[in-house]
Amino acid sequence: MKTLNPRRGSRREQAGFTLIEVLITFLILAVGLLGLAGLQVTTLDSQFEAYQRAQAVMLAEDMANRIRVDALAARAGDYTVGDQYGLLADADCTVITNSADRYLCEWNQVIAGAGVTEAGQRLGSIVGARGCIANMVGSTDGESIIRVTIAWQGNSPTVAPASTCGENQYGDDDRFRRTASVDVVLANLAL
């Protein structure tokens, strides 16, 4: 019978992982985790954009409801006096007696975020919010149409909106500007 030399003995299969296999596994895991982190950042950015759009629609609807309540003043053109609401929030709206001027003053303060401040900074509104109110061409049956628009600064460039509200106010690239509009239709009083 043949005996095996212990030094030359039969090779047994090795069990376990080599260092190269472990390093490749860590590399694949690291790339996957980086991809997951990038997805998280994109999700947070999209969530913030959606939050800002929801706030902008809420602000536009707020002014639209005020216009509907004060329809006579709206038909007289009292609500289409400017397009830079949200920039000045220091006025005292409680002393204003004209309803349209008071509503515009209050809306201006809400857009500017005057309700929530910390260390002198206004924090209660969306980034760079501006409001615009435009009297649109009425329909053939005498309806008045007033467009309320909120413009704000987005986080990343997209397509520049067709609305002119806040145009050229957010840096050189107008693709960072976002807008949301609400149309208020005031029926003809003669009907």
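Note that the coordinates shown come from a computational prediction; the quantities given were computed from them, not determined experimentally.

J.: Honestly, the overall build of the protein chain in this entry has me stumped. Any pointers?
T.: Assigned secondary structure in the protein chain consists of three helices and five strands. The order of α-helices and β-strands along the protein chain, N terminus first, is α-α-α-β-β-β-β-β. Here the protein chain, with 191 residues, has 28% of them falling under the buried criterion. Taking all contacts inside the protein chain whose residues are at least 6 apart in sequence as the whole, residues at least 24 apart take part in 59%. Accessible surface, the protein chain as shown: approximately 12,800 Å² in total, 57% of it carbon and sulfur.

J.: Help me out: how do you make sense of the packing of aromatic side chains in this one?
T.: Here a ring pair, both rings aromatic, is described through the centre-centre distance and the interplanar angle of the planes. As enumerated under the stated definition, the model contains zero aromatic pairs in all. The positively charged end of Arg102 is found above the aromatic ring belonging to Tyr103, 5.6 Å away from the centroid.

J.: Just checking my understanding: could you explain helix α3 (residues 99–112) for this structure?
T.: Helical geometry note: an α-helix holds 3.6 residues per turn, so side chains three or four residues apart project in the same direction. The terminal C-alpha atoms of α3, which comprises 14 residues, lie 20 Å apart, in line with the 20 Å expected from a rise of 1.5 Å per residue. Those residues of α3 that fall on the buried side of the exposure criterion are Ala100, Tyr103, Leu104, Cys105, Trp107, Asn108, Ile111 and Ala112. Backbone nitrogen of Ala100 and a side-chain oxygen of the N-cap are separated by 2.9 Å at the start of α3; the cap is Asn98. The first or second residue beyond α3 is Gly113, which carries a positive phi of 80 degrees.

J.: So what exactly am I meant to see when it comes to the side chain of Asp174 here?
T.: Looking at the element boundaries, Asp174 is found in the loop between β4 (144–153) and β5 (177–186). In terms of polar contacts, Asp174 uses its side chain to reach the backbone amide nitrogen of Asn168, at 3.3 Å. At 2.8 Å, the side chain of Asp174 and the side chain of Arg177 are in polar contact.

J.: Can you walk me through the nonpolar core in this structure?
T.: Membership of the largest hydrophobic core comes to 26 residues, with the highest contact counts inside it found for Met63, Ile67, Tyr79, Trp107, Ile133 and Ile150. Among the elements of the structure, α1 (19–69), α2 (71–75), α3, β4 and β5 are those that each provide at least two residues to this core. The biggest single contributor to this core is α1, with six residues. Leave out the neighbours within four places in its chain, and Ile150 touches Ala56, Leu59, Ala60, Trp107, Ile111, Ile126, Arg130, Gly131, Arg178, Thr179 and Ala180.

J.: How do you make sense of the pattern of salt bridges when you look at a structure like this?
T.: Any two side chains of opposite charge can pair if their charged atoms end up close together. Counted according to the given criterion, the structure contains six salt bridges. Measuring nitrogen to oxygen at the nearest pair gives 2.7 Å for the salt bridge that ties Asp183 to Arg147. Taken together, the residues span a long stretch of sequence, with Asp183 in strand β5 and Arg147 in strand β4 at a distance of 36 residues. Between Asp173 and Arg175 there is a salt bridge, with its nearest N and O atoms 2.9 Å apart. Look at Arg175 and you get partly exposed, because its relative accessible area is 40%. Via salt bridges that share partners, Asp62, Arg66 and Glu106 belong to a single interconnected network.

J.: Looking at this model, I keep getting lost on the packing of α1 against α3. Mind explaining?
T.: α3 packs onto α1 with a crossing angle of 175 degrees between their chain directions and a minimal axis gap of 11 Å. Classified by the angle their axes make, α1 and α3 are roughly antiparallel. In this structure, α1 contributes Leu59, Asp62, Met63, Arg66 and Val69 to the contact, and α3 contributes Tyr103, Leu104, Glu106, Trp107, Val110 and Ile111. Residue composition of the contact of α1 with α3, by class: eight nonpolar, no polar and three charged.

J.: Any chance you could explain the pairing of β4 here in plain terms?
T.: One face of the sheet, then the other: side chains in a regular strand alternate in exactly this way. The buried count for β4 comes to eight of ten residues, which makes it a mostly enclosed element. Relative to β4, strand β3 (residues 130–136) runs antiparallel, the two being bridged by seven bridges. Bridging across to β4, Ile133 finds its partner in Val148. One ladder, built from ten bridges, connects β4 with β5; its direction is antiparallel. Looking at β5, one finds that Ile145 is bridged to Val185.

Reading guide: rules and limits
Residues numbered from 1 in each chain as written. Predicted model: local features only at pLDDT ≥ 70, side-chain atom pairs only at ≥ 80, totals over all residues. Heavy atoms only, no water. Helix = DSSP H or I, 4+ residues; strand = E, 2+ residues; numbered from the N terminus. Buried < 20%, exposed > 50% of the residue type's maximum accessible area, 1.4 Å probe, protein only. Contact = heavy atoms within 4.5 Å. Areas by Shrake-Rupley, 256 points an atom, 1.4 Å probe, with all protein chains shown as cover. Phe/Tyr/Trp six-rings, centres within 6.5 Å; stacked < 30°, edge-to-face > 60°. Lys NZ or Arg CZ within 6 Å of the ring centre and 35° of its normal. Expected span 1.5 Å × (residues − 1). Polar contact = N/O pair within 3.5 Å; in protein donor to acceptor, adjacent residues only side chain to side chain. Core = buried A, V, L, I, M, F, W, Y, C linked by side-chain atoms within 4.5 Å. Salt bridge = Lys/Arg side-chain N within 4 Å of Asp/Glu carboxyl O. Axes fitted to C-alpha atoms, helices over the stretch in contact; angles between N-to-C directions. Parallel < 35°, antiparallel > 145°, perpendicular 65-115°, else oblique. Nonpolar A, V, L, I, M, F, W, Y, C, P; charged D, E, K, R; others polar. Pairing = 2+ DSSP bridges.

All quantities given are derived from atomic positions and should not be read as evidence of function.
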